[in-house]
Number of protein chains: 2
Amino acid sequence: MASPQPVSKRQKTTKEDTPYELIYWPGLPGRGEHIRLAFEECNISYIDTAQDPKAMDIVLSQISQSNQGDALNPPICAPPILKHGSLIINQTPNILLYLGPKLGLVPTAEEDDVGLYHVNQLALTALDGLSNEPHDVHHPVAVGSYYEDQKVEAKRKAGDYLENRLPKFLGYFERVLGGEASRGGEWLYGGRLTYADLVLFQCLDGIKHAFPNAMKRIQTEGKFQKVFELHERVRERPNIKNYLASERRQDYGMGIYRHYPELDEE
Amino acid sequence: MASPQPVSKRQKTTKEDTPYELIYWPGLPGRGEHIRLAFEECNISYIDTAQDPKAMDIVLSQISQSNQGDALNPPICAPPILKHGSLIINQTPNILLYLGPKLGLVPTAEEDDVGLYHVNQLALTALDGLSNEPHDVHHPVAVGSYYEDQKVEAKRKAGDYLENRLPKFLGYFERVLGGEASRGGEWLYGGRLTYADLVLFQCLDGIKHAFPNAMKRIQTEGKFQKVFELHERVRERPNIKNYLASERRQDYGMGIYRHYPELDEE
């Protein structure tokens, strides 16, 4: 019987050594930021094609009408995209689901065999109400048209978002943090940081950028204190703090979270 | 050493015998329909609280501000909700992710260790572009307000959806079906029915209900033939066919997919 290979050699043949490649639009954090934060928190090196001079072409070749994927991978509809060895996948929550166990950003199956579903649920809900909906605020009528062509509708939608939808979702996460399954209310699930916390952090950060006055009022009112504390807690994680201060962290710009003063409260 | 228990007895103690309970709004297929179709295709019995006289109360008690979940489960933001033993989860793609391996609606991990991510990706994309976006067509400005108060904006959004967004997503799934990873173009992934096919079926079915004229034109033009054939193929599955003809299948009504003739093409 052959003796087992030394660990160092065995590891070289596993997927653990395969580099992670994030394919995303250049020039804004966007949905790619949720993937970056997972890597940054865990101090995992990754290739970020947004930093490549040919960043646009790299994305466009993936989503091109003539790209039908390959024998292993269906084609891609939109970035963010993760390449890991021969695997190519997209959809933000799907990439996080794949990375979660690999980066230790979810409970292990041995600790908690349904933790992955709870974390996925929390991430999906944050992305729905605190990322997709804020995007729709400035593009309520046509994603492909200019903001300037739907300003009136955007103003109406911003009012509804800040009055009804944003408090609904902040209230949901305050409930989560007040619940027993959070194990103490510091993190969303299981008494430890998961990728759902990173997603919620990024969403809150973006909304603070887009609607600073409204968020200041809401924070002052004190109804969602645990949620704002979680934002602060993630921001102070050493690796996240370093990242946010680095050049790798991009400005918000013309992405999901846009600061149009006329859409914010006065 | 004790001898192993007989299989029939062992099975009684596993989760396989635990009944599945779908908690959803009464009176419309909605997002709950994606869960129903998974059960129906696999001929799995399930409790559907939409059929319960207290259906509304059952949903409302789950999403109530005072419900913070329990020691195992974070609280719930919105239905559909799945109860399975002590587990309570929500978010349509999350429930399907949980059910997929249990119902045999994804490749097994032994056959294909990344199949789950590809199927999840396809389901997420169908839900984004062919369920959430059609919903936003009739509620572009405020989810909580009446359609009648946003009819003008809805008409603009319908035009954009039918001209730009719908063809984009139909084109994506046509690319998927033309790609090698579909293994023949009958099903979206791996040459076999997965829950992504059921999701795509339901989305197409809803869009045909909402925009019959536009969908007739698009089908006649023949650019997305494989997509329309997949819709037909799922509809003709024996269990699905029986289900669609049964009283369990509800009318579309005032849900995600609404037929407002003024939003359709002439």
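Residues numbered from 1 in each chain as written. Chains lettered and ligands numbered in written order. Predicted model: local features only at pLDDT ≥ 70, side-chain atom pairs only at ≥ 80, totals over all residues. Heavy atoms only, no water.

Labelled according to an unreviewed UniProt entry, chain A appears under the name Glutathione S-transferase, originating from Rhynchosporium graminicola.

All names here are of chain A. In the contact formed by helix α2 (residues 32-41) and helix α10 (residues 238-245), the axes pass within 8 Å of each other and the chain directions differ by 125°. As judged from the angle between their axes, α2 and α10 are oblique. As for how α2 packs across α10, the hand of that crossing is right-handed. The residues of α10 that touch α2, namely those facing E33, R36, L37, E40 and E41, are N239, I240 and Y243. For the contact of α2 with α10, a count of residues per class yields three nonpolar, one polar and four charged. (Axes fitted to C-alpha atoms, helices over the stretch in contact; angles between N-to-C directions. Helix = DSSP H or I, 4+ residues; strand = E, 2+ residues; numbered from the N terminus. Parallel < 35°, antiparallel > 145°, perpendicular 65-115°, else oblique. Left-handed = near helix turned anticlockwise from the far one by under 90°. Contact = heavy atoms within 4.5 Å. Nonpolar A, V, L, I, M, F, W, Y, C, P; charged D, E, K, R; others polar.)

You can overlay chain A on chain B at an RMSD of 0.0 Å; the transform is a turn of 180° with a shift of 0.0 Å along its axis. The transformation just described matches what one would write down for a two-fold rotation axis. Ranked by how close their C-alpha atoms come to the rotation axis, the residues of chain A are headed by P140 of chain A, at 2.8 Å. Most of the interface of chain A is mirrored in chain B, where 100% of its interface residues are also at the interface. (Least-squares fit on C-alpha atoms with pLDDT ≥ 70 in both.)

Attention shifts here to the sheet that holds strand β4 (residues 87-90) of chain A. Residue and element names in this part refer to chain A. The strand order β2-β1-β3-β4 describes an open sheet built from four strands, whose pairing is mixed. Each having just a single partner strand, β2 (46-48) and β4 make up the two edges of the open sheet. The mean inter-strand angle of the sheet, taken between neighbouring strand axes irrespective of direction, is 20°. Examined bridge by bridge, strand β3 (residues 81-84) and β4 share four bridges and lie antiparallel to one another. Across the sheet, K83 pairs through a bridge with I88, a residue of β4. (Pairing = 2+ DSSP bridges.)

The next point concerns helix α6 (residues 151-178) of chain B. In an α-helix there are 3.6 residues to a turn, and that puts residues three or four apart on one side. For α6 of chain B, with 28 residues, the first-to-last C-alpha span of 38 Å sits near the 40 Å given by 1.5 Å per residue. The sharpest bend along α6 of chain B measures roughly 45° and falls at Y161 of chain B. (Expected span 1.5 Å × (residues − 1). Bend = angle between axes of the 7 residues up to and from the residue.)

Moving on to the sheet that holds strand β2 (residues 46-48) of chain B. Residue and element names in this part refer to chain B. Spatial strand order, β2-β1-β3-β4: four strands in an open sheet with mixed pairing. Single-partner strands in this sheet number two, and they are β2 and β4 (87-90). Strand-to-strand twist in this sheet, taken as the mean axis angle between neighbours without regard to direction, amounts to 20°. In the sheet, strand β1 (residues 20-23) pairs with β2 via three bridges, with the strands oriented parallel. Bridge assignment links E21 to a residue of β2, and that residue is I47.

Let us look at the confidence of the model for chain A. Residues and elements named next belong to chain A. Here chain A averages 94 in pLDDT, while 94% of its residues score no lower than 70. Under a pLDDT of 50 for its full length, residues 1-14 has, in the predicted model, four contacts with residues more than four places off or in other chains. Across the interface, the model reports ipTM at 0.94; the global pTM reads 0.94. (pLDDT = per-residue confidence, 0-100.)

So, about helix α9 (residues 225-235) of chain B. Among all positions of α9 of chain B, only V227, F228, L230, H231 and V234 of chain B are buried. End-on view of α9 of chain B: buried residues confined to an arc of 155°, all on one side of the axis. (Buried < 20%, exposed > 50% of the residue type's maximum accessible area, 1.4 Å probe, protein only. Arc of directions from axis to C-beta.)

A few words now on the pairing of β3 of chain A. All names here are of chain A. Two strands pair when backbone bridges link them, and strand β1 (residues 20-23) and β3 are joined in this way by four bridges, in the antiparallel orientation. Of the residues in β3, the one forming a bridge with I23 is I81. Adjacent in sequence and paired antiparallel, β3 and β4 are bridged by two residues, among which G85 carries a positive phi angle near 65°.

One finds F173 of chain A together with F173 of chain B to be the most contacted residues of the largest nonpolar core, which totals 146 residues. Not counting the four nearest positions on each side in its chain, F173 of chain A is found in contact with L122, T125, A126, L130, L188, L200 and V227 of chain A. (Core = buried A, V, L, I, M, F, W, Y, C linked by side-chain atoms within 4.5 Å.)

Moving on to the packing of α6 of chain B against α9 of chain B. All names here are of chain B. Following both chains from N to C, one finds α6 and α9 inclined at 85°, their axes separated by 8 Å at the closest point. Viewed along their axes, α6 and α9 adopt a mutual orientation that is roughly perpendicular. Counting all contacts with α6, which are made through L170, F173, E174, L177 and G178, the residues of α9 involved are Q225, K226, V227 and L230. Taken together, the residues that form the contact of α6 with α9 break down as five nonpolar, two polar and two charged.

On to the interface of chain A and chain B, then. The interface of chain A with chain B comprises 58 residues on the first partner and 58 residues on the second. Where chain A abuts chain B, roughly 5000 Å² becomes buried across the two surfaces, and 52% of that area is made up of carbon and sulfur atoms. The three residues of chain A that bury the most area against chain B are C77, Y117 and R175 of chain A, which together make up 15% of that side's buried surface. As a salt-bridge pair, E153 of chain A and R156 of chain B come within 2.7 Å of each other at their nearest N and O atoms. Linking chain A with chain B are 30 residue pairs in polar contact (both at pLDDT 80 or more), by the criterion used here. Mapped by element, the contributors of at least two residues to the side of chain A that touches chain B are α3 (55-63), β4, α4 (92-103), α5 (115-138) and α6 (151-178) of chain A. Here the side of chain A that touches chain B gets 12 residues from one element, more than from any other, and that element is α6 of chain A. Looking at the side of chain A that touches chain B, its residues break down into 26 nonpolar, 18 polar and 14 charged. (Buried area = accessible area lost by both parts, 1.4 Å probe. Salt bridge = Lys/Arg side-chain N within 4 Å of Asp/Glu carboxyl O. Polar contact = N/O pair within 3.5 Å; in protein donor to acceptor, adjacent residues only side chain to side chain.)

Further remarks concern unusual backbone geometry. In this model, P79 of chain A is joined to P80 of chain A through a cis peptide bond whose omega is 5°. Mapped onto the secondary structure, P80 of chain A falls in the loop between α3 and β3. One non-glycine residue, Q91 of chain B, lies in positive phi territory at about 75°. Within the element layout of this structure, Q91 of chain B appears in the loop between β4 and α4 (92-103). A residue is classified by how much of its surface remains accessible, and Q91 of chain B, at 12% relative accessible area, is buried. Not every positive phi belongs to a glycine, and R183 of chain B is a case in point at roughly 55°. Take R183 of chain B: its relative accessible area is 58%, and that puts it in the exposed class.

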